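So you can see what is in the structure, the chains are spelled out below.
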Amino acid sequence: MTTGSEVRTRRRAALCLTGHLRSATFDPNGLFVEPLQRVVLRSLSNSGYVVDVFAVTDAGEDCRQADEMLEPLRLKALHCIPQNEEDDLQRRKEDRWLKHGARTVWSRTAFLGQLKKVQACGELIGEQSYDLVARSRLDVRWYSFPADARVLEVPGVVWLPFRATESMTQYMNDLFAIGSQDEMKPYLRVYEELLDRGNWKLHRSFESSPDGLDTEELWQVSLLKAGILARQHPEICFNLLSRNSSGTLPLEREDNCRDAQRHPHGYFINTEWSKAPLSTLPGIFPFDSLLTVRLLHFFYAEYARLGRPAKVLDLGCGRGSMIERWLGYHPASIACIDMLPGLREILGHDLVELDLTQHLDPRSFMTTRSCSLIGGTQSLERLLSAAEFHHMTRAETFKSLLNCCYTPGCLGFFLSPVLDEDRGLILVFNASQSWDAEHMVWLARRNFSKPNKLAWARAADWALLLDVAHYVPRNRWPVLVDNVDRLAAQGLIVTSPFPVLAKLQQLLAKHSFVRDRQTEDLLQPYAMIRGLREDQLLQVYRRDTGRFSASFAFPPPFPCTLTLESEVFEGRCILGITMGCSDEEYIWVNDACYGWFRRGQSQGACISDAGSVQRSRWAYNEVKSQQFVECYLPEVRETLEENVRTLGPDASEVMHFCKDTYAQDPLPLHFSDGAWHTEEFVCEHVMMAIQLPFDAIVEVSGYSELLRGSGWPNTFVQRAGECKSWNLIPLFGLAFSFDVWKISTPEGFKKLEEVRRTGGRESLGNRGRLPLPWLVADLQVRASSNTSGSAGILGLYDYLDAASHWSNRSRIWQDAGGELDNHAESLQRVDGQAALLLVLRITVAKMLRQKAVFIHFCFTCFPFAFNCNWKHVLCFEF
């Protein structure tokens, strides 16, 4: 028997069902009623709630069906809306909106009717007091609901179902919402919001999107006006039922809720999902589009810092949704390691199928490519001489070389000694044929026939462990971290529950990985959004360089005198953009750069077509076989003594630029305070390569108003006659200056000792919330964009979409400070759905002159984004 005190402590919940059963009429009890009772109503009851169920549908046959089929739910009330509004005033308001309201591609009558049914829910509830209020559509099949429904009573939050397909659609959905009664009131009154002419100016902000005003945008702005956020809850899950008029059992047209089968080592082994259309994203693979884009910007910042595209390995990429989007607008230097069956069909050879909990060696799946002449420079001179004898230009000769490299069966050239129109440089394809060895030049290829391996020289720069480590058995964590140590040269980004991270941190410390809290501050707010990682944190680790405060410093210069001799596609090989030096031994190419290169005394071909590979369909380049390719081409110079002699006897008073770089006059050196100094100058070339006639310590500094300070602080040791080089593309247009200490002087020796202690890296100091590489990445994107007037990376993030659901000419962008110029090509290279989630919150709050929300994370807005004052701070609850 229930006591009086127990009755008083019981909580109350209201569930209102709206719309039509549609396909559920085939088996209403099995498809809708029984799952709703078992999953939702039982959970509410077990959590201490007394539940009242309401229903709203259209009058007529729909009403009769609902009354009959929902009878097991014991409805507290059923309201059937007549086709014609009986209230004259309300009917005039509806007619006015139907004629003059914001454009939408949907049936205007059905659009209005759907919201009217939701409004009727609020009227049925009336003044009754409930602790939880929910509204749901009728054409769904329920699978999961929070075991303790009391967790849904969160001030300022309305909870939505988890739907993996949300990554492909809008932030809000019109299927289900639940929250405390006060939080749900604005949701239930959105019909009034729509008909109020005072809101029409705001609603018309959405007209330039492809579908015009939609219920998702309407609910979003209505909730924001009331200071309420909508968040997905991973335990609220159902699938939509397909509409079916054939009389057969209707299918579920989504897959949000199924549990996945896992291997004991943690990775998915379920294969059923791969049979679904690629547009369907199963719920077992949560995908956070905001974090996806923010990580892309991190990769661009590393691109700018390293002077080449960052190599990234996503360790356990799940469905591959993040990689698909990254590949849409980033050089092909991102790959996944996973064992999920069916993933190969989606990612192609951007996937490496390996078990992360087994010992992994980069050499087992990374292999560089190269093509050169056996005999090196001597053979090249023979080839050029023979070509000249046959009246071939130097350009034609190198084209022939490249074509031979690109053609798998080509072995080299027969240099005909006879001047004949039909004879010249004869391509050799058959080694068994008798050729005169005296007149042969042979090619040497390396690893052109290994399409199932990444064309990388060494380990990746960065590894990602996103939502992975806590699925790996604890006894395999040391192996996992050992693999990270071998696979990631620069650092690691990881998300997991805190207890897992605490143990990983101990293991990573043994491999000299230390926390990079500055980057964590930039990424963390985007890692906890939409209820997907409520119990997880994001941590960033970098290799400890000895002075971690300088971890964002650009790498020191190294010898690189790379020169392009010839290319297959004119204009595709651009220094720093599609080609460059990886280190002292390897060069890199991507994006259809097929070239023959010279580097000091080395020469050879490097081709970004990595062989017979099949790239992801999302790869942004039209040629899907292209990858980021590294080729062996070491820096081989004359002896340093010879280099010093070539500088001449009067060279000690100037700093020279190496002869293999673009011509620039030597810089005079002025002596003061124990060192030599240059005046500031603006380098107008994409590669800086300097040379000195004496052993020295060199400090480089740059200045740019755009970067608000020093642009490339670094200190390095340089031997007499040596060329030290680095890529200037991210810093193009900066004013540079050099300070030089001769090691042979007391001041120079003291400086040398200091460099040895610190590793030669200068601290960047306190730059607020945005490290320097994030700023120079903005310049990198501008330089690499195929579209003039590129918005840059900061602009791309803060007010950019892929023109899939929004337009940069809509009022919502204008009010946010968005550009009105047509950056269509740039827009299409960024995931608009990710930008939408944050931009919508900021812009609507700004338009409504309200503060944007209120707990947990605050960050200073970027000057590139909204022309805002640095003192203005935006805060969000995620």
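Model, not experiment: these values are computed from the prediction.

Rules used throughout
Residues numbered from 1 in each chain as written. Predicted model: local features only at pLDDT ≥ 70, side-chain atom pairs only at ≥ 80, totals over all residues. Heavy atoms only, no water. Core = buried A, V, L, I, M, F, W, Y, C linked by side-chain atoms within 4.5 Å. Buried < 20%, exposed > 50% of the residue type's maximum accessible area, 1.4 Å probe, protein only. Helix = DSSP H or I, 4+ residues; strand = E, 2+ residues; numbered from the N terminus. Contact = heavy atoms within 4.5 Å. pLDDT = per-residue confidence, 0-100. Expected span 1.5 Å × (residues − 1). Arc of directions from axis to C-beta. Pairing = 2+ DSSP bridges. Axes fitted to C-alpha atoms, helices over the stretch in contact; angles between N-to-C directions. Salt bridge = Lys/Arg side-chain N within 4 Å of Asp/Glu carboxyl O.

Engineer: Is there a simple way to think about the nonpolar core in this case?
Structural biologist: In globular proteins that are soluble, nonpolar side chains generally tend to be buried together. Core analysis: the largest hydrophobic core is formed by 65 residues, its most contacted members being Leu295, Leu313, Leu315, Trp326, Ile337 and Ile493. For this core, the element with the most residues is helix α10 (residues 289-306), which contributes eight residues. Other than its neighbours up to four places away in sequence, leucine 313 contacts Ala335, Ile337, Phe365, Met366, Leu454, Trp456, Ala460, Trp462, Ala463, Leu464 and Leu487.

Engineer: Help me understand the confidence of the model for the chain in this model?
Structural biologist: Parts of the model with low pLDDT should not have their predicted coordinates read in detail. Averaged over the chain, the pLDDT score is 75; the fraction of residues at 70 or greater is 72%. Counted against residues more than four places away or in other chains, residues 761-769, with its pLDDT under 50, gives 29 contacts. This model gives residues 795-878 a pLDDT under 50, and the stretch forms 206 contacts once residues within four places in sequence are excluded.

Engineer: Looking at this structure, how should I read helix α13 (residues 376-389)?
Structural biologist: In an α-helix, one turn spans 3.6 residues; hence positions three or four apart end up facing the same way. Spanning 14 residues, α13 covers 20 Å between terminal C-alpha atoms, matching the ideal 20 Å at 1.5 Å per step. Residues Ser379, Leu380, Leu383, Leu384, Ala386 and Ala387 constitute the buried set of α13. Seen along its axis, α13 keeps its buried residues to an arc of 165°; they face one direction. Away from the buried face of α13 by more than 90 degrees, exposed residues Gln378 and Glu388 are located. Where α13 is buried, its residues contact β13 (370-373), α14 (394-406), β14 (412-415), β15 (425-428), β16 (440-446) and β25 (602-607). Positive phi appears at histidine 391, one or two residues downstream of α13, with a value of about 65°.

Engineer: How should I be thinking about unusual backbone geometry in this particular structure?
Structural biologist: One can expect most non-glycine residues to show negative phi and most peptide bonds to be in trans. Its identity is not glycine, yet histidine 391 carries a phi of approximately 65°, on the positive side. Relative to the assigned elements, histidine 391 resides in the loop between α13 and α14.

Engineer: For this particular structure, what's the right way to read the sheet that holds strand β26 (residues 629-632)?
Structural biologist: Strand-to-strand pairing in sheets goes through backbone hydrogen bonds, with the strands running parallel or antiparallel. What the three strands build is an open sheet, ordered β22-β23-β26; its pairing is antiparallel. One side of each edge strand has no neighbouring strand; the edge strands of this open sheet are β22 (579-581) and β26. Each strand axis lies, on average, 25° off the axis of its neighbour in the sheet, ignoring direction. The sheet contact formed by strand β23 (residues 586-589) and β26 spans four bridges and is antiparallel.

Engineer: Could you clarify how one ought to interpret the pattern of salt bridges in this entry?
Structural biologist: Close approach of charged atoms allows side chains with opposite charge to pair. Applying the stated criterion to the full structure yields 32 salt bridges. Residue glutamate 61 pairs with arginine 64 through a salt bridge whose shortest N-O separation is 2.4 Å. With a gap of three residues between them, glutamate 61 and arginine 64 both fall in helix α3 (residues 61-69), about one helical turn apart. Judged by relative accessible area, arginine 64 falls into the partly exposed class, the value being 44%. For glutamate 699, the salt bridge is made with lysine 751, and the minimal N-O distance between the two is 2.6 Å. One end of the pair, glutamate 699, is in strand β33 (residues 696-704); the other, lysine 751, is in helix α19 (residues 746-758), with 52 residues separating them in the sequence.

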